[in-house]
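One letter stands for each residue in the lines below.
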Amino acid sequence: MGIVSGKRALIVGVANDKSLAWSIAQALAAEGAELALTYQGEILEKRVRPLAAQIEASVIGELDVTNDVQIGSVFSKLKEKWDGLDLLVHAVAFAEREDLRDRFLTVSRANFAKSMEISAYSLVALARAAEPLMEARGGGSILTLSYLGAVRAIPNYNMMGVAKAALEACVRYLSIDLGSKNIRVNAISAGPARTLSSSAIRDFHTMAHEVEARSPMRRGMRPEEVGTLAAAILSDLSSAVTGQTIYADVGYNITGM
Ligand code: NAP
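What comes next concerns the included structure. (Residues numbered from 1 in each chain as written. Predicted model: local features only at pLDDT ≥ 70, side-chain atom pairs only at ≥ 80, totals over all residues. Heavy atoms only, no water.)

**A word on the environment of Ile 154**
Note on placement: Ile 154 falls in the loop between strand 5 (140-146) and helix 5 (158-179). Judged by its relative accessible area of 16%, Ile 154 is buried. Linking Ile 154 and Met 207, residues 53 residues apart in sequence, is a C-alpha distance of 8.6 Å. Sequence-distant contacts of Ile 154, that is, excluding residues within four places in its chain, are made with Tyr 147, Leu 148, Gly 149 and Met 207. (Helix = DSSP H or I, 4+ residues; strand = E, 2+ residues; numbered from the N terminus. Buried < 20%, exposed > 50% of the residue type's maximum accessible area, 1.4 Å probe, protein only. Contact = heavy atoms within 4.5 Å.)

Structure below.
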């Protein structure tokens, strides 16, 4: 018996086998959950389908989180497939490459709005769609992914730091709205991991080396450590934990000089 045996989980944000969402999917599958994955566009579908097959997950459909029709369609397919939903993983973020370097000051109104919509508002949209399906199961657990740049000014993280600050605030407000329905909402603030998204951040390797050199554990975070923590937070073992941002960063966030 795994810690999420019998739970039904939707995972949004698997792009390839380097995605943190993929580490979470593997950990949830190993701990007994039944999984559904989404993909964004045809190119990613080709990458996501073989990954889903490895863990006997189903691919429930295309989901661009800015598209309300696709959100509606994914959740109505889930309703048909299962009698409800227990777990939701939101591992989606976006900022234009030009806004992940040099000066934050130069971000345009349109780019700011787009990053906020994809990286923060999308959690609200997905949580709203998940609410009735989770209520049908007597409660649920929602998890998103953040980074230290939400609460500290990290060179080049810029626009994404502002979006992550909003995301962490969304976690707190959503946890209040959904708590009385036994639906918990939390974030993992992960250490740097080499993925498609992080490759857009200028000097990302410096962020990663800094953690290896200066974190209490003197090493980088391993993606599978996000997966195992995610399974623990999503599971009923964490039934009193909501509204939190929990660090999986080998302790880097507590350091000063
Ligand atoms: P990733 O593999 O590139 O995953 C990011 C995902 O977001 C991709 O699947 C991407 O799809 C998706 N996405 C972007 N715009 C979308 C939209 N409009 N609709 C639906 N999906 C969309 O990178 P990752 O590093 O694992 O990122 C997952 C989460 O972890 C993000 O929230 C990220 O900020 C967070 N995080 C990452 C790190 C790190 O160092 N890697 C550290 C802390 C937190 P496309 O490829 O099609 O755009």
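**A closer look at the side chain of His 90**
Inspection of the secondary structure puts His 90 in strand 4 (residues 87-90). Of note is the side chain of His 90, whose polar atom sits 2.8 Å from the side chain of Thr 144. In this view, His 90 contacts Val 12, Ile 118, Ser 119, Ser 122, Leu 123, Leu 126, Leu 143, Thr 144, Leu 145 and Leu 167; residues no more than four positions away in its chain are not counted. (Polar contact = N/O pair within 3.5 Å; in protein donor to acceptor, adjacent residues only side chain to side chain.)

**Quick word on the site of the ligand**
Among the 27 residues in the neighbourhood of the ligand, the closest are listed as Ser 19, Gln 40, Ala 193, Thr 195 and Ser 197. A distance of 3.5 Å separates an oxygen atom of the ligand from a polar backbone atom of Val 92. Protein burial of the ligand: of its 880 Å² of free accessible surface, 89% is covered by the chains. Grouping the constituent residues of the shell around the ligand by class yields 17 nonpolar, eight polar and two charged. (Near = heavy atom within 4 Å. Areas by Shrake-Rupley, 256 points an atom, 1.4 Å probe, with all protein chains shown as cover. Nonpolar A, V, L, I, M, F, W, Y, C, P; charged D, E, K, R; others polar.)

**Overview of helix 4 (residues 109-135)**
With 27 residues, helix 4 ought to run about 39 Å at 1.5 Å a step, and its terminal C-alpha atoms sit 37 Å apart, in line with that. Where helix 4 bends most, at Tyr 121, the angle is about 50 degrees. (Expected span 1.5 Å × (residues − 1). Bend = angle between axes of the 7 residues up to and from the residue.)

**Re helix 1 (residues 20-30)**
What sets the pattern is the α-helix's 3.6 residues per turn: residues three or four places apart point alike. Across the 11 residues of helix 1, eight count as buried, placing the element largely inside the fold. Of the residues trailing helix 1, Gly 32 is marked for its positive phi of about 100 degrees.

**Re the sheet that holds strand 3 (residues 58-62)**
Overall, parallel pairing links the seven strands, which are arranged 3-2-1-4-5-6-7 in an open sheet. Pairing within the sheet leaves two strands with one partner each, and these edge strands are strand 3 and strand 7 (245-248). Within the sheet, the average angular offset between the axes of one strand and its neighbour, ignoring direction, is 20 degrees. Strand direction decides the pairing type here: strand 4 and strand 5, joined by four bridges, are parallel. Following the sheet pairing, Leu 87 is matched in strand 5 by Ser 141. Each of strand 2 (34-39) and strand 3 touches helix 2 (residues 41-54); the most contacted strand, strand 2, lies at about 160 degrees to it. (Pairing = 2+ DSSP bridges. Axes fitted to C-alpha atoms, helices over the stretch in contact; angles between N-to-C directions.)

Just geometry here; none of it tells us what the structure is for.
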